[in-house]
Amino acid sequence: MANFYNDNPALKHHLTHPLMGKIVALKERNFTEADKFDYAPFNFDDAMDSYDKVLDIVGEITGNIIAPNAEAVDHQGPQVIDGRVKYADATAENLDACRKAGLMGMAMPRRFGGLNFPITPYIMAADIVSRADAGFENLWGLQDCAETIYEFADEDQKSRFISRVCEGETMSMDLTEPDAGSDLQSVMLKATEHPDGTWRLNGVKRFITNGDSDIHLVLARSEDGTKDGRGLSMFIYDKRDGGVTVRRIENKMGIKGSPTCELVYRNAKAELCGSRKLGLIKYVMALMNGARLGIAAQSVGISEAAYREALSYARDRKQFGKAIIEFPAVYEILSVMKAKLEASRSLLYECSRFVDIYKIYDDIAKERPLTPEERKEAKYYSKFADACTPLVKGLGSEYANQNAYDAIQIHGGSGFMKDYACERIYRDARITSIYEGTTQLQVVAAIRHVTTGTYLNLIRTYEAQEIGHTYKPLRDELARLTATYEECVKKVTEANDPAYLDFMARRLVEMAGNIIMSHLLILDASRNADLFDASARVYFNLAQAEVNKHADFINRFNPAETTLYKQA
């Protein structure tokens, strides 16, 4: 009996991070709900025990149901029948298992039927589910759309819709259109308000993950005569009301169990969520940040699956009289795969903890005024969350793709065959650096944290933390790499050339990410050397090489040469 939580000690390491004490106390309002709900914790240890037990259930279901079903789902896939989606048989089985186990609406408040989990253990569940089947995580993980309803909808909407998600109904976010992909300001799906106060939606949405879900969040143009983001509002569409049909399901490279739909809205009844004109400016930004953290978790889960498939094959496959894992060319690949996995996971949970604290403070602010110290702390963690989200989504998804590639390389010719799971994992990984904002768009979001010093400030906080004495030489070298990074930032920004900054943005962002993840792994190794020592050292070597490579390019480059790259 496989259990994808208990067989991975790194997860419990991150779940028991010292900052969880603060997160749990804030989330549980100092455990004041223990008298109202019989499953609410009465202290920190009780809360952590609850997270552990639920994650154990997630691990059991993923290891024994979802993972064994993954190949069948990949082969069968969903279908469109009379304008509706019919999931693959095993997908329906997976959803049923998650519903019966109470794994829907995990992060929602108890008054709506949720478990009131912080973001961190919920993201951990997403990590585990993604290891089992990345395509299924897209269906299960879209429950986090309920967070947008919780943050911005009125109380009646919260009560009606969030409770349904907690009972097991699925969600989708209907943003993209045939002519509006990354440029969501171009959305043209029309929302018309009727005299009775109801809204009707007309138009087409495309590339909608789980597009035949029960409850949709829809970005639509509510203001006549507008053409930019200021004319867009957010709506809630309930499939029970009808008016939306699935025209087709895209025939994708990977994540085949997740239906990616083209939807036709024909006078579909919908409810305004929040205020008019804030759909893109405010609500989609919040929705996308949550989605990007989810894709980062999906990327880490895929990296985990790829690494385990490669490791298992390398141990079993014999060539020239010994297992191929004994060859330096193979064990080097495996060690780097594991280091990239652990680095991206460390950044994932660092980011989720930052998100937890500032979002909990935002929620508390709806109940009472925050103290000056609380406002300051909320702002502090919000800035780091904003900086780390594009970093972990961008770099984590790139590492997932690299690990999936290397898993096939270790399998050799066998990895190119559908007989091995690494072939499916490779196809599933590819989308992670594309959807919810490509890696290039993550760089666009991240570069301002390079130029304003947010990443440098974060690095300084790590430099001030206690570490094991054996890691001080690594930290000393990281300080030198940080000085190199600072010099490169100064060189690029002092040119005062926006095009040159954009050209070098990816290199600067990657340098910051390499240094930050190396610090995080050193801190992890200081807490648990048995688990993280090797990966901390291997990743440091990788980070050192990458930072120096980018620095060499930046220092040798003449900004006038950017014109050479426009010839393609």
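Residues numbered from 1 in each chain as written. Predicted model: local features only at pLDDT ≥ 70, side-chain atom pairs only at ≥ 80, totals over all residues. Heavy atoms only, no water.

Participant: Can you explain the packing of aromatic side chains? Please cite residues and give values.
Facilitator: On inspection of all chains with the given rule, the structure shows 19 aromatic pairs. Summarising the aromatic geometry, the rings of Tyr313 and Tyr420 are spaced 5.7 Å apart at their centres and angled 85 degrees between planes, so their arrangement reads as edge-to-face. Placement of Tyr313 in helix 9 (residues 279-316) and of Tyr420 in the loop between helix 11 (372-411) and helix 12 (421-429) is noted, with a sequence separation of 107 residues between them. Since its relative accessible area comes to 10%, Tyr313 is described here as buried. Among the residues examined, Tyr420 registers a relative accessible area of 31% and is labelled partly exposed. Taken together, the ring pairs in this structure connect Tyr500, Phe503, Phe553, Phe557 and Tyr565 into an aromatic cluster. (Phe/Tyr/Trp six-rings, centres within 6.5 Å; stacked < 30°, edge-to-face > 60°. Helix = DSSP H or I, 4+ residues; strand = E, 2+ residues; numbered from the N terminus. Buried < 20%, exposed > 50% of the residue type's maximum accessible area, 1.4 Å probe, protein only.)

Participant: Residues and numbers for the layout of surface pockets, please.
Facilitator: Considered as a void within the structure, the largest pocket measures approximately 1300 Å³ in volume. Along the walls of the largest pocket sit 50 residues, with Met288, Ile434, Tyr435, Glu436 and Gly437 positioned nearest its centre. Looking at the lining of the largest pocket, the element that brings in the most residues is helix 9, giving nine residues. Looking at the lining of the largest pocket residue by residue, the class counts come to 22 nonpolar, 17 polar and eleven charged. Its volume calculated, the second largest pocket comes out at about 540 Å³. (1 Å grid on protein atoms, 1.4 Å probe; cavity = no way out; pocket = protein on both sides within 12 Å on 5 of 7 lines; lining within 4 Å. Points joined across faces, edges and corners; volume = space filled by probe spheres on them. Nonpolar A, V, L, I, M, F, W, Y, C, P; charged D, E, K, R; others polar.)

Participant: Break down helix 6 (residues 134-141) for me, with residues and values.
Facilitator: Within helix 6, eight of the eight residues are buried, which leaves it mostly tucked inside the rest of the structure. For helix 6, the set of buried residues is Ala134, Gly135, Phe136, Glu137, Asn138, Leu139, Trp140 and Gly141. Its buried side turned inward, helix 6 meets helix 3 (44-76), helix 4 (89-100), helix 5 (119-132), strand 5 (199-209), helix 9 and helix 12. Where helix 6 begins, one side-chain oxygen reaches toward the backbone nitrogen of Gly135, 3.0 Å away; that side chain belongs to Asp133. (Contact = heavy atoms within 4.5 Å. Polar contact = N/O pair within 3.5 Å; in protein donor to acceptor, adjacent residues only side chain to side chain.)

Participant: Please set out the side chain of Asp524 residue by residue, giving values where relevant.
Facilitator: Mapped onto the elements, Asp524 comes out in helix 16 (residues 498-527). Of the buried charged residues, Asp524 lacks a salt bridge, with Arg527 as the closest side chain of opposite charge at 4.6 Å. In contact with Asp524, other than residues within four places in its own chain, are His13, His14, Ser346 and Phe532. (Lys, Arg positive; Asp, Glu negative; His and termini not counted. Salt bridge = Lys/Arg side-chain N within 4 Å of Asp/Glu carboxyl O.)

Participant: So, unusual backbone geometry: which residues are in play, and what are the values?
Facilitator: Of note in the backbone geometry, Asn210 takes a positive phi value of approximately 55 degrees without being a glycine. In this fold, Asn210 is placed in the loop between strand 5 and strand 6 (215-221). Its identity is not glycine, yet Asn267 carries a phi of approximately 55 degrees, on the positive side. Position of Asn267 relative to the elements: it lies in strand 9 (residues 260-273). Overall, the relative accessible area of 41% leaves Asn267 in the partly exposed class.

Participant: Report on helix 16, specifying residues and quantitative values.
Facilitator: Taking 1.5 Å as the rise per residue, helix 16 with 30 residues should run 44 Å; its terminal C-alpha atoms sit 42 Å apart, in good agreement. At Met504, helix 16 shows its strongest bend, of approximately 50 degrees. The buried count for helix 16 comes to 23 of 30 residues, which makes it a mostly enclosed element. Its side-chain oxygen 3.1 Å from the backbone nitrogen of Ala499, Asp497 forms the N-cap of helix 16. (Expected span 1.5 Å × (residues − 1). Bend = angle between axes of the 7 residues up to and from the residue.)

Participant: Tell me about the nonpolar core, residues and numbers included.
Facilitator: Formed by 154 residues in total, the largest nonpolar core has its most connected members in Trp140, Leu201 and Leu508. Ranked by the residues each element gives to this core, the list is headed by helix 10 (residues 328-364), at 17 residues. Ignoring sequence-local partners within four residues, the contact set of Trp140 consists of Cys98, Leu103, Met104, Met106, Tyr122, Ala125, Ala126 and Val129. Counting residues in each nonpolar core, the second largest holds 32 residues, with Cys145, Leu175, Leu232 and Cys273 among its members. (Core = buried A, V, L, I, M, F, W, Y, C linked by side-chain atoms within 4.5 Å.)

Participant: Could you give me a rundown of the environment of Gln402, with the residues and numbers involved?
Facilitator: Examined against the element boundaries, Gln402 turns out to sit in helix 11. For Gln402 and Ser159, which are 243 residues apart along the polypeptide, the C-alpha to C-alpha distance reads 43 Å. A distance of 2.7 Å separates the side chain of Gln402 from the side chain of Lys340, its partner in a polar contact.

Participant: Mind laying out empty space enclosed by the protein, listing which residues take part and the relevant values?
Facilitator: Leftover empty space is mapped by rolling, across the atoms, a probe with the size of a water molecule. By the definition in use, this model includes three cavities of 30 Å³ or more. If you add up the space inside the largest cavity, you get close to 70 Å³. Taken together, Pro390, Leu391, Gly394, Leu395, Thr439, Gln442, Val443, Ala446, Arg506, Val509 and Glu510 make up the full set of residues lining the largest cavity. Here the lining of the largest cavity is built from residues that sort into six nonpolar, three polar and two charged.

Participant: Run through the pairing of strand 4 (residues 190-193), naming residues and quoting values.
Facilitator: Sheet topology note: the strand 4/strand 5 ladder contains four bridges and is antiparallel. Of the residues in strand 5, the one forming a bridge with Glu193 is Trp199. (Pairing = 2+ DSSP bridges.)

Participant: I'd like a description of the pairing of strand 7 (residues 232-238), backed by residues and values.
Facilitator: Of all seven residues that make up strand 7, seven are buried, and the element is covered over most of its length. In strand 7, alternate side chains face the same way, and those of Leu232, Met234, Ile236 and Asp238 on one face and Ser233, Phe235 and Tyr237 on the other are all buried. The sheet contact formed by strand 6 and strand 7 spans seven bridges and is antiparallel. When the bridges of strand 7 are listed, Ala220 appears paired with Ser233. In terms of strand pairing, strand 7 meets strand 9 through three bridges, oriented antiparallel. Within the sheet, the bridge partner assigned to Met234 lies in strand 9 and is Cys273.

Participant: Give me the pattern of salt bridges: which residues, what numbers.
Facilitator: Counted under the stated rule, the structure contains 48 salt bridges. The salt bridge involving Glu250 is made with Arg206; its shortest N-O contact spans 3.4 Å. In this pair, Glu250 is assigned in the loop between strand 8 (244-249) and strand 9 and Arg206 in strand 5, connecting sequence segments 44 residues apart. Residue classification places Glu250 among the buried residues on the basis of a relative accessible area of 12%. Of the charged contacts, one joins Arg247 and Glu262 as a salt bridge, the two residues approaching to 2.6 Å between their closest N and O atoms. Here Arg247 is found in strand 8, whereas its partner Glu262 is found in strand 9, with 15 residues between them in sequence. When its relative accessible area of 48% is taken as the criterion, Arg247 is described as partly exposed. Shared partners join several salt bridges into a network, and the residues in it are Asp7, Asp127, Arg131, Glu304, Arg308 and Arg345.

Just distances and angles here, no functional claims.
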